[in-house]
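The lines below spell out each chain.
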Amino acid sequence: MANSKRTLFLKRRLRVRNKLKKRNPGGVRLSVHRSNKNISVQLIDDAQGVTIAAASSLEKDLGVVGKNNIEAASKVGTAIAERAKAAGVEACYFDRGGFLFHGKVKALAEAAREGGLKF
């Protein structure tokens, strides 16, 4: 019996997260979530279990409310890089979840790297 898209997504997400936890126990991770209408990202400190900074295309000051395209993803990536610098975070691990590193997720990662985050 063939696996559904959702099952494959969940397996991929667990595989990515488990590899990150092995390489980076207790470090800061940049977690991405992409829906059909929006894209959001969080800087999470797994050691303390708190969110350090977050950015989303739902924020009105970014000017991309309700859009989920490459332009919106790059603006969100730039915003999270600025907020990470303000919080004192320079390096993190990129957690793409179950999403493929292509298109919007890749644009967000490249914009965050250009903004000064290292991963």
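It should be emphasised that the depicted structure is a prediction, and the values quoted were computed from it without experimental measurement. (Residues numbered from 1 in each chain as written. Predicted model: local features only at pLDDT ≥ 70, side-chain atom pairs only at ≥ 80, totals over all residues. Heavy atoms only, no water.)

Colleague: It is not clear to me how the pattern of salt bridges should be interpreted in this structure. Could you clarify?
Modeller: Side chains that carry opposite charge are capable of pairing whenever their charged atoms lie near each other. Taken as a whole and judged by the stated rule, the model has five salt bridges. Between Arg83 and Glu59 there is a salt bridge whose closest N-O contact spans 2.8 Å. Here Arg83 is found in helix 2 (residues 70–87), whereas its partner Glu59 is found in the loop between strand 3 (50–56) and helix 2, with 24 residues between them in sequence. Under the relative-accessibility criterion, Glu59 is labelled partly exposed at 21%. Each of Arg17, Arg29, Asp46 and Asp95 takes part in a single network of salt bridges with overlapping partners. (Salt bridge = Lys/Arg side-chain N within 4 Å of Asp/Glu carboxyl O. Helix = DSSP H or I, 4+ residues; strand = E, 2+ residues; numbered from the N terminus. Buried < 20%, exposed > 50% of the residue type's maximum accessible area, 1.4 Å probe, protein only.)

Colleague: Quick question: what am I supposed to make of the nonpolar core here?
Modeller: One broad rule of soluble globular proteins: the nonpolar side chains tend to lie buried together. One finds Leu30, Val41, Leu43, Ile80 and Leu108 to be the most contacted residues of the largest nonpolar core, which totals 28 residues. At the level of secondary structure, the elements contributing two or more residues to this core comprise strand 1 (28–34), strand 2 (39–45), strand 3, helix 2 and helix 3 (104–114). Ranked by the residues each element gives to this core, the list is headed by helix 2, at seven residues. (Core = buried A, V, L, I, M, F, W, Y, C linked by side-chain atoms within 4.5 Å.)

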